[in-house]
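# Analysis of the macromolecular model
In case you want the letters, here they are:
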Amino acid sequence: MLKFIQQKSWIEFLAFFLGTLGLLLWLAPVTLASVLDFLKVFSIAAGVFLAQRFREITVMEIVGFLLVVGAAILAAIRFYYRLRTTPRYIGVHCPRCGSKLRRKHRTSRDFLIDRFLPVYRYRCCNRECGWEGLRVKALEDGVALKSRSRD
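Residues numbered from 1 in each chain as written. Predicted model: local features only at pLDDT ≥ 70, side-chain atom pairs only at ≥ 80, totals over all residues. Heavy atoms only, no water.

Once their charged atoms are close, side chains differing in charge can pair, the charge on each being opposite to the other. Applying the stated criterion across every chain yields a total of six salt bridges. A salt bridge links Arg 123 to Glu 132; the nearest nitrogen and oxygen atoms lie 2.8 Å apart. By relative accessible area, which is 40% here, Arg 123 ends up partly exposed. By relative accessible area, Glu 132 is classed as partly exposed at 31%. Three or more residues joined by partner-sharing salt bridges are found here, namely Lys 104, Asp 110, Arg 121, Arg 123 and Glu 132. (Salt bridge = Lys/Arg side-chain N within 4 Å of Asp/Glu carboxyl O. Buried < 20%, exposed > 50% of the residue type's maximum accessible area, 1.4 Å probe, protein only.)

Given below as structure tokens:
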């Protein structure tokens, strides 16, 4: 059980959330009825505000919103491409000392990052350096290296 707790990163977030909630409930003079009343009033006010705002929306605001979203998507695609093609992030040499790197098992956080950006965990072969970190899986001509046939 202890190994499970040490390996799962979401447990840190859960512990932080529960600890913060516990402190708030312990130190603040709050009753459950007052919290429920606040949530009810807040949700009604938020609903009224959003309904009114959607009635007043103009075509130019919709176009502006779509342009902002499109620009954000283009920037994210460009950022993703730059990470996958920049030698600084994809190299197999240590960024500190220049020695070769050796692949290492990934952590649960690495798998979370890997959902959005393919990464591998490496450790420097130089024992004096001791660098350990992530390197991005490279793209070659817009196609992942893994999909290439080996000669």
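Picking up where we left off.
Bringing a nonpolar patch on the surface into the picture now. Side chains of Phe 49, Leu 50, Phe 54, Ile 57, Ile 62, Phe 65, Leu 66, Val 69, Ile 73, Leu 74 and Ile 77 sit close together on the surface and give an oily, nonpolar patch of about 1100 Å² of accessible area. Looking at the nonpolar patch, the elements that each hand over two or more residues are helix 3 (32-55) and helix 4 (59-85). With seven residues, the single largest contributor to the nonpolar patch is helix 4. Inspection of the secondary structure puts Ile 77 in helix 4. Under the relative-accessibility criterion, Ile 77 is labelled exposed at 52%. (Patch = residues over 30% accessible without salt bridge, like charges linked within 9 Å, V, L, I, M, F, W, Y side chains within 5 Å. Areas by Shrake-Rupley, 256 points an atom, 1.4 Å probe, with all protein chains shown as cover. Helix = DSSP H or I, 4+ residues; strand = E, 2+ residues; numbered from the N terminus.)

Next up on the list: the nonpolar core. Cys 94, Leu 101, Tyr 122, Cys 124, Cys 129 and Trp 131 form the largest nonpolar core, which has six residues in total. With residues near it in sequence (within four places) discarded, Cys 129 still touches Cys 94, Arg 96, Cys 97 and Cys 124. (Core = buried A, V, L, I, M, F, W, Y, C linked by side-chain atoms within 4.5 Å. Contact = heavy atoms within 4.5 Å.)

Attention shifts here to the side chain of Arg 121. Looking at the element boundaries, Arg 121 is found in strand 2 (residues 119-124). Polar side-chain contacts of Arg 121 include one of 2.6 Å to the side chain of Asp 110. Setting aside anything within four residues of it in sequence, one finds Arg 121 in contact with Arg 102, Arg 103, Lys 104, His 105, Arg 106, Thr 107, Asp 110, Glu 132, Gly 133 and Leu 134. (Polar contact = N/O pair within 3.5 Å; in protein donor to acceptor, adjacent residues only side chain to side chain.)

For the rest of this paragraph, the subject is the side chain of Arg 84. Tracing the sequence through the fold places Arg 84 in helix 4. Asp 114 provides the closest opposite charge to the buried, salt-bridge-free Arg 84, at an N-O distance of 8.3 Å. A polar atom in the side chain of Arg 84 sits 2.6 Å from the side chain of Tyr 80. (Lys, Arg positive; Asp, Glu negative; His and termini not counted.)

This paragraph deals with the confidence of the model for the protein. When the pLDDT values of the protein are averaged, the result is 80; 86% of them are 70 or greater. For the protein, the element scoring lowest by mean pLDDT is strand 5 (residues 143-144), at 46; helix 4 scores highest, at 89. This model gives residues 142-151 a pLDDT under 50, and the stretch forms eight contacts once residues within four places in sequence are excluded. (pLDDT = per-residue confidence, 0-100.)

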